[in-house]
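The chain contents come next:
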Amino acid sequence: MDDVRGWSSFRNAIRGLLLILPALAGCPERQTIETAQDSLPFAGVQIRIGVPSALDLRTAWEGPLNEWEAQTGAKYHLEEIPQPGADEAFAIFSGSIAPTLALFPLERAGELIAAGSLAPLPESVRGDADGVNWTDLFQGLRDKIASRKGQPIVLPLASPVLVCCYRQDLLQAAGLKPPQTWDDYQQLVDKIESWAPGLNAVEPWGESFRATTFLARAVSAAQHPGQYSLFFDIETGEPLIDNAAFVQALEASRRALQKMPGDVLNFGPDDCRNELLMGRAALAIVCEPSPWDVARHREAVDQPADKRIAAASFGVIRLPGSREVYDASRRLWEPLPDKGVSHVTLTAFSGWAIGAGSSSSRVQIEAAWNALLKVAGPDLVSGFPPALIGLCRESQLQSGSYASSRDGDGAVSVANSVAQSLRDSRLVAELPIAHRHEFRLALTRSLGMAIAGSQSPEEALRDAAAEWREIISRIGPSRHRDNYRASLGLSPKPKAE
């Protein structure tokens, strides 16, 4: 009986197997398709990449991105976004259809970070060999501008700084040294007729750049190494722009301007560079890295080599510093030990960066950064238009690619000075807050009054502080204070019980 039941079960199993064999005939092909789909790392993921409409990135990027789609199974949309108005809230990542990843002006990074609009870089894309090579960025830039609380947030493409250029040949012939401090610098300005007869000192004091030049001169004395507060008090949000350090910087600036040609009140950084190259200036403050204004620079570029100043004639150093710093909390000056010099680099007043919107999903953010790696080029810079790229990486310096790409004289010295400035841990962003354009305009107006002589530096900056308080009142004092704190990587102040 057991044998009969066993045979019956075996016969039924064989019959069932015969019934399903036709259905199994198509399985290997379907399994191959499903396996291929499963191997695509971002299958079904959709991302949006926002790029400035003024740059023709669609033409350059569509080919690599189409290839990326095929390799990953994702879908992308390349969206051209207009440059936001300077007086508008920067809302790229807050629209109803916000980009997953976007290129944006670096000066807006602090505002976006403070608003929580940007997501940290995924760990999967931070690596050296298969990522954005995060540690290749200059350390000060990486730690102070691109990160918050040790968390990478934005990828800078260009982060300009101001540097001091001088006629090295003339300075050496006179037995003089490059300036270490702003007092040293002023002595060179005062005595320029003796060491560079017939030549000028120039700085970019045109209205559009005036606030930046002033703040770059001021921060080495105004930023106390033991304090976060600089432009505003981190505890109250009160403006500090009228404290003794900023007043002293404006007094020094005005003394220097009295020795300079009146045209500098209309100059930008490129005008100052042009004055050097054409042999009309022996001392200048210029901005690097900066896409050169071709129209203004053409005068120097088109000149025969024998009419231009030779590269060996120039020296380039980071901006001078201060031998004492101001403690705003105690309202007193402190000399640096061992006659040291305080150097603080002002940056993020222009330039470009890339960031991912925090409203996107984790997988979308990872896919978007992965797509960026496809278009960025093997060196992470060559895939971008030259107008977007500045010196931000050690590899650019080591390869000499940045210096060799510049049209001007002394490119290697410039590159070394920029690198020194951006490596420094004492690096600050220019007004990294919401409504920064309003604060800059108010400061520019007050600086103009002091330069014209209609107000003393102290009166002018007192008026600037008053205007800043009005702006803060419209924003909301606690909101402004916490925005400033967040831009520095600090937590909001607890609400009073």
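Higher on the page you've got the structure.
What counts, and at which threshold
Residues numbered from 1 in each chain as written. Predicted model: local features only at pLDDT ≥ 70, side-chain atom pairs only at ≥ 80, totals over all residues. Heavy atoms only, no water. Helix = DSSP H or I, 4+ residues; strand = E, 2+ residues; numbered from the N terminus. Buried < 20%, exposed > 50% of the residue type's maximum accessible area, 1.4 Å probe, protein only. Areas by Shrake-Rupley, 256 points an atom, 1.4 Å probe, with all protein chains shown as cover. Phe/Tyr/Trp six-rings, centres within 6.5 Å; stacked < 30°, edge-to-face > 60°. Pairing = 2+ DSSP bridges. Right-handed = clockwise from strand over helix to strand, strands pointing away. Axes fitted to C-alpha atoms, helices over the stretch in contact; angles between N-to-C directions. Parallel < 35°, antiparallel > 145°, perpendicular 65-115°, else oblique. Contact = heavy atoms within 4.5 Å. Nonpolar A, V, L, I, M, F, W, Y, C, P; charged D, E, K, R; others polar.

Some remarks on the overall build of the protein
Item 1. Counting secondary structure elements, the protein contains 19 helices and 16 strands.
Item 2. Here the protein holds 497 residues, and 52% of them are scored as buried.
Item 3. Total accessible area computed for the protein in this model is approximately 23,000 Å², and 51% of it derives from carbon and sulfur atoms.

Some words on the packing of aromatic side chains
Item 1. Tallied over the full model, the rule gives nine aromatic pairs.
Item 2. Judged by centre distance (5.8 Å) and plane angle (85°), the ring pair of Phe 209 and Phe 349 falls under edge-to-face. Here Phe 209 is found in the loop between strand S9 (200-202) and helix H9 (210-222), whereas its partner Phe 349 is found in the loop between strand S14 (345-347) and strand S15 (352-357), with 140 residues between them in sequence. Taken as a pair, Phe 209 and Phe 349 share a single burial class, namely buried.
Item 3. In this structure an aromatic cluster arises from ring pairing among Phe 232, Phe 439, Trp 468 and Tyr 484.

Considerations on the pairing of strand S12 (residues 324-327)
Item 1. Relative to strand S13 (residues 332-335), S12 runs antiparallel, the two sharing four bridges. Considered in S13, the bridge of Glu 324 is made with Pro 335.
Item 2. Hairpin connection, S12 to S13: the antiparallel pair is bridged by four residues, and Arg 331 has positive phi, about 55°.

A closer look at the pairing of strand S2 (residues 75-81)
Item 1. Here seven bridges tie strand S1 (residues 46-52) to S2, and the two strands are oriented parallel to one another. Paired with Arg 48 across the strands is His 77, a residue of S2.
Item 2. For the crossover that starts at S1, traverses helix H3 (residues 57-72) and ends in the parallel S2, the hand is right-handed.

Concerning the packing of H9 against helix H17 (residues 436-452)
Item 1. Across the interface, H9 lies against H17 with an axial gap of 9 Å and an inter-helix angle of 80°. As far as their axial angle goes, H17 and H9 are roughly perpendicular. For the pair formed by H9 and H17, the contact residues are Arg 210, Ala 211, Thr 212, Phe 214 and Leu 215 on the first element and Arg 440, Leu 443, Thr 444, Leu 447, Gly 448 and Ile 451 on the second.
Item 2. Of the residues assigned to the contact of H9 with H17, the class counts are six nonpolar, three polar and two charged.

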